[in-house]
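Results of the structural survey
The lines below spell out each chain.
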Amino acid sequence: MSRHGTAREASQLDRRLEALNSATELASGVLPEETLAGVLQVLDRASSRRSLSGDHTVVGFFGATGSGKSSLFNAVSGEEIATAAVRRPTTTEPLAGIWGVQGSDALLDWLEVRKRHAAAPIKGFADDDTGLILLDLPDFDSTRAANREIVQRMVGLVDVLVWVLDPQKYADAAVHNDFLAPLSSHGAVTIVVLNQIDRLPEHEVRPVLESLTAILARDGLGKVQVLGASAVLGTGVDKVRAAIRQVAMQRKAMSQRLAADVTLAAVRLAEASGLPAGGTTAAGATAASKARLAGELAVAANVPLVVDAVARSYRLEATLRTGWPVTRWLARFRPDPLRRLNLRRDGAKPELNRTSLPPAGAPEQARTDAAVREFAEAASAGAPGPWRAAIRGAAREGNDRLPDALDQAIASTELSAGKKSWWWGVFNAVQWLALVTALAGFAWLGVLAALGYLQLPVPEVPRVQGWPVPTVMIAGGVLLGIVLAIGARFISGAAAASRSAVARKRLTAAVAAVAGELVVAPVEREVSRLAKFTATLKAAAGRQ
Ligand SMILES: Nc1nc2c(ncn2[C@@H]2O[C@H](COP(=O)(O)OP(=O)(O)O)[C@@H](O)[C@H]2O)c(=O)[nH]1
Ligand SMILES: [Mg+2]
């Protein structure tokens, strides 16, 4: 196998490990700690293994008590390195047979294999620059817990797994359910040997091998090599040796094993996420859902009350400025609704103020909660279990700060309350003119009446179409004042409506900004976290 091919595999593995690492980081706080810890262990192991000799392929012999691991180890080695035994002593410590000793020490230290044997070269087995380490291991079903632990650890560390089964126990649930099926992703680095075929009548060898192959297919290992052998007689040992040599020479086993680990870890993360096979995305926030949230929060934060106060305040001011001068002072006794809400502070810095709006009570709180919940629910639609929970949790993140932030947003919104309208001045001037005209008429008539009372000659008053001018002045002045007052009422009604509409727009925008910061942004952060997680998981699984 070319070095070039190996390098490409390595860089692909790099990317997948990187992606798995990112996926794990993205899932932190979302997926269960133990799941993440398992993945981190895989990452850790991968980086350790990769930092050690890539020129050595580590092949472990696994199997039940008495299946012939030690015997097969010896047979493959062509040397009596390991002790094989009918009863005791069974293998209790891993034993390494090494071809190409140079550079293997650190690797064996990492594997915690103390018993090391530099094996005599076997023709064509492993040459100087292709190192090979065979490991004879304890039984996976050992009565000693320490032995079982060693096997568990080694299953996770070796590059190639050779399963040594025997005709009696090859179908045992223990090996299939506890080891083979869970490692179905590791088919590329798994070899299954049916040992002790000399114990079977000749004609039964093939059916038993077929039966084993079928069981392995059910484990998800339909493609693994299944070899029949007899360690004692030497039958089929050549084939086992050749199969081992093949993976060792390719120098791909290490990468393949780690790649399989990454695949498995990615599957675990996907399972823990409840992700469907093709991945998924959350619906996220839409313009409509954001607008609806802002609208609901605006109501809960008393925006309609403020909008109404803006209109009433304007009308009151308009009356004070344009009403009939004789009666307009009465309006002074009506309180300004905006001032009562502490929203009319001409000249004060708005951002330093609080409103005097009624504090959010239970109904407002309930309305806010419902709006936030509804928004989160819509945004998290399509997201799987734990991610959905994360999105919803993010929506509630700013809950405590929400009422205060909304109040401040309203307090600092420019309501243009102090802004005068141009027509006020015109109306006011004409009002006073009308009043003065009427008063002048009164004065004129008064003078005439006084002259008459004093029996002095009363001059003739000028007339307009038969009406005495001072009387016309009085009637005209009063009438004009009333007409102006009524007209002003209509105009101020319309102007108040437009001013309150502007206020509503600004207030809603201010509320939307608060909702954006405290609710929408955290939700969108989680939604994009899920999207990134799904993408990195895909990359980790090698499906891009
Ligand atoms: N007939 C027969 N006996 C075997 C074969 N392989 C191993 N044995 C015997 O099975 C017993 C256990 O072998 P051992 O290699 O110690 O098994 P281990 O516990 O898996 O290491 C020993 O007595 C071996 O001689 C085989 O292929 N055929
Ligand atoms: Mg043994």
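These lines cover the structure that appears in this document, whether it is placed above or below.

About the cut-offs
Counting restarts for each chain: residues are numbered from 1 in the order of the written sequence. Here every chain gets a letter starting at A, and every ligand a number starting at 1, in the order they are written. Totals for whole chains, interfaces and linings use every residue, but because this is a predicted model, local features are given only for residues with pLDDT of at least 70 and side-chain atom pairs only at 80 or more, for both listing and counting. No hydrogens and no water enter the side-chain calculation; it runs on all heavy atoms of the structure. Each helix corresponds to a stretch of at least 4 residues labelled H or I by DSSP, and each strand to a stretch of at least 2 residues labelled E; elements are numbered beginning at the N terminus. Here's how the labels work: a residue is buried when its accessible area is under 20% of the maximum for its type, exposed when over 50%, partly exposed in between, all with a 1.4 Å probe on protein chains only. Any two residues whose heavy atoms approach within 4.5 Å are treated as being in contact. Note on areas: these come from Shrake-Rupley sampling with a 1.4 Å probe, and a residue is covered only by the protein chains present in the view. Working convention for charge: Lys and Arg count positive, Asp and Glu count negative, and His plus the chain ends are omitted. Taken as the charge centre is NZ of Lys, CZ of Arg, CG of Asp or CD of Glu, depending on the residue. A patch consists of residues whose relative accessible area exceeds 30% and which take part in no salt bridge; residues with like charges are grouped when within 9 Å of each other, and nonpolar side chains (Val, Leu, Ile, Met, Phe, Trp, Tyr) when within 5 Å. Counted as salt bridges are all cases of a side-chain nitrogen of Lys or Arg within 4 Å of a carboxyl oxygen of Asp or Glu. If even one non-hydrogen atom of a residue comes within 4 Å of a molecule or strand, that residue is called near it. The definition of a polar contact used here is a pair of N or O atoms within 3.5 Å, where within protein one atom must be able to donate a hydrogen and the other to accept one, and adjacent residues in sequence count solely through side-chain atom pairs. Following the grouping adopted for this structure description, the nonpolar residues are Ala, Val, Leu, Ile, Met, Phe, Trp, Tyr, Cys and Pro, the charged ones are Asp, Glu, Lys and Arg, and the polar ones are all others, Gly among them. When DSSP locates at least two bridges between a pair of strands, those strands are taken to pair. Structural elements are reduced to axes, namely lines fitted to C-alpha atoms, with helices fitted over the stretch in contact, and the angle between N-to-C directions of any two is expressed from 0 to 180 degrees. Aromatic pairing here means that ring centres of Phe, Tyr or Trp (its six-membered ring) are within 6.5 Å. Orientation follows from the plane angle: under 30 degrees is stacked, over 60 is edge-to-face, and everything else is tilted. Buried Ala, Val, Leu, Ile, Met, Phe, Trp, Tyr and Cys residues that are joined via side-chain atoms within 4.5 Å together make up what is termed a nonpolar core. Here a helix's expected span is defined as the number of its residues, less one, multiplied by 1.5 Å. Relative orientations are named as follows: roughly parallel for angles under 35 degrees, roughly antiparallel for angles over 145 degrees, roughly perpendicular for angles from 65 to 115 degrees, and oblique for any other angle. A right-handed crossover is one whose linking path, passing over the helix from the first strand to the second, runs clockwise when the strands point away from the viewer. Each helix crossing is assigned a hand: it is left-handed if the near helix lies turned anticlockwise from the far helix by less than a right angle, otherwise right-handed if that turn is clockwise.

1. Quick notes on the overall build of the chain
Regarding its fold elements, the chain presents 17 helices and 9 strands. The C-alpha extent of the chain, read off along each of the three principal axes, is 160 × 40 × 40 Å. Counting all 544 residues of the chain, 46% fall into the buried class. Across the chain, contacts joining residues at least 24 apart in sequence account for 79% of those joining residues at least 6 apart. Of the roughly 27,000 Å² of accessible surface on the chain, 57% is carried by carbon and sulfur atoms. Charge centroids of the chain, computed over 62 positive and 52 negative side chains, lie 12 Å from each other.

2. Things to note about a nonpolar patch on the surface
Taken together, Ile 482, Ile 486, Phe 490 and Ile 491 make up a surface patch of nonpolar side chains, about 390 Å² in accessible area. Position of Ile 491 among the secondary structure elements: in helix α17 (residues 469-540). The partly exposed category is assigned to Ile 491, whose relative accessible area is 34%.

3. Overview of the site of ligand 1
Taken together, 18 residues lie around ligand 1, and Gly 68, Lys 69, Ser 70, Ser 71 and Asp 198 are the ones closest in. The separation between an oxygen atom of ligand 1 and a polar side-chain atom of Ser 70 is 2.9 Å. Between Gln 196 and ligand 1, the recorded distance is 3.3 Å, taken from a backbone N or O atom to an oxygen atom. When ligand 1 is considered free in solution it has 570 Å² of accessible area, and contact with the protein chains removes 86% of it. Partitioned by chemical class, the residues of the shell around ligand 1 number 6 nonpolar, 8 polar and 4 charged.

4. Some remarks on the sheet that holds strand β3 (residues 115-118)
Spatial strand order, β3-β2-β4-β1-β5-β6-β7: 7 strands in an open sheet with mixed pairing. Among the strands making up the open sheet, the edge pair consists of β3 and β7 (225-228). Mean inter-strand twist for the sheet, computed between neighbouring axes without regard to direction, equals 20°. Sheet topology places strand β1 (residues 56-63) next to strand β4 (residues 131-136); 6 bridges connect them, and they run parallel. Paired with Val 58 across the bridge in β4 is Ile 133.

5. Points about the packing of aromatic side chains
For the structure on display, the rule yields 10 aromatic pairs. Relative to Trp 163, the ring of Phe 140 has its centre 6.2 Å away and its plane inclined at 65°; by these criteria the two rings are edge-to-face. A residue pair is termed long-range when its members are at least 10 positions apart, and Phe 140 in the loop between β4 and α5 (145-157) and Trp 163 in strand β5 (residues 160-165) qualify at 23 residues. The same class applies to Phe 140 as to Trp 163, namely buried. Consider the rings of Trp 163 and Phe 179, whose centres lie 5.3 Å apart with planes at 45°: the pair is tilted. Taken as a pair, Trp 163 in strand β5 and Phe 179 in helix α6 (residues 173-180) lie far apart in primary sequence, 16 residues in all. Overall, the relative accessible area of 6% leaves Phe 179 in the buried class. Ring pairing ties together the aromatic residues Phe 62, Phe 140, Trp 163 and Phe 179, which thus form one cluster.

6. Focus: the nonpolar core
By size, the foremost hydrophobic cluster in this structure holds 72 residues, and its most contacted members are Phe 61, Leu 72, Leu 134, Trp 163 and Ile 244. Once you skip the residues sitting within four places of it in the chain, Ile 244 turns out to touch Val 59, Phe 61, Val 76, Phe 125, Leu 132, Leu 134, Val 162 and Ile 191.

7. So, α5
Across its 13 residues, α5 extends 19 Å between first and last C-alpha, which sits within 8% of the 18 Å expected from 1.5 Å per residue. If you check which residues of α5 are buried, you get Asn 147, Ile 150, Val 151, Met 154, Val 155, Gly 156 and Leu 157.

8. Some thoughts on the side chain of Ser 104
Structurally, the position occupied by Ser 104 is in the loop between β2 (95-99) and α4 (105-111). On the accessibility criterion, Ser 104 (0% relative accessible area) is buried. A distance of 2.7 Å separates a polar side-chain atom of Ser 104 from the backbone oxygen of Val 101. Residues contacting Ser 104, with those up to four places away along its chain left out, are His 56, Ile 98 and Ile 133.

9. Some details on helix α16 (residues 422-453)
Given a rise of 1.5 Å per residue, 32 residues ought to cover 46 Å, and the 47 Å separating the end C-alpha atoms of α16 matches this to within 8%. Taken together, the buried positions of α16 are Trp 423, Trp 424, Phe 427, Gln 431, Ala 434, Leu 435, Ala 438, Gly 441 and Leu 448. As for α16, its buried residues are in contact with α11 (303-322) and α17. Just beyond α16, the residue with positive phi is Gln 455, at close to 55°.

10. Considerations on the packing of helix α10 (residues 287-300) against helix α13 (residues 362-380)
Taken N-terminus to C-terminus, the directions of α10 and α13 make an angle of 175°; their axes are 9 Å apart at the nearest point. The angle between the axes of α10 and α13 places the two elements in the roughly antiparallel class. Judged by residue contacts, Ser 289, Lys 290, Arg 292, Leu 293, Glu 296, Leu 297, Val 299 and Ala 300 of α10 engage Glu 364, Arg 367, Thr 368, Ala 371, Val 372, Glu 374 and Phe 375 from α13. Of the residues assigned to the contact of α10 with α13, the class counts are 7 nonpolar, 2 polar and 6 charged.

11. Let's talk about the pairing of β7
Each regular strand displays side chains that alternate between the two surfaces of the sheet. One ladder, built from 4 bridges, connects strand β6 (residues 190-194) with β7; its direction is parallel. If you follow Leu 194 over to β7, its bridge partner there is Gly 228. With helix α7 (residues 202-219) bridging β6 and the parallel β7, this β-α-β connection has right-handed handedness.

12. Here's the deal with the packing of α10 against α17
For the pair α10 and α17, the least separation of the axes is 9 Å and the interaxial angle reads 130°. Classified by the angle between their axes, α10 and α17 sit oblique to one another. Crossing of α10 over α17 shows right-handed handedness. Contacts between α10 and α17 involve Lys 290, Leu 293, Ala 294, Leu 297 and Ala 298 from the former and Val 511, Ala 512, Ala 515, Val 519, Val 520 and Glu 524 from the latter. Of the residues in the contact of α10 with α17, the class split is 9 nonpolar, no polar and 2 charged.

13. As for unusual backbone geometry
One non-glycine residue, Asn 302, lies in the positive phi region at around 70°. Mapped onto the secondary structure, Asn 302 falls in the loop between α10 and α11. For Asn 302, a relative accessible area of 15% corresponds to the buried category. Phi angles above zero are rare outside glycine, and Gln 455 is one such case at about 55°. Of the residues examined, Gln 455 reaches a relative accessible area of 71% and is grouped as exposed.

Honestly, that's just the spatial picture; any functional story needs more than this.
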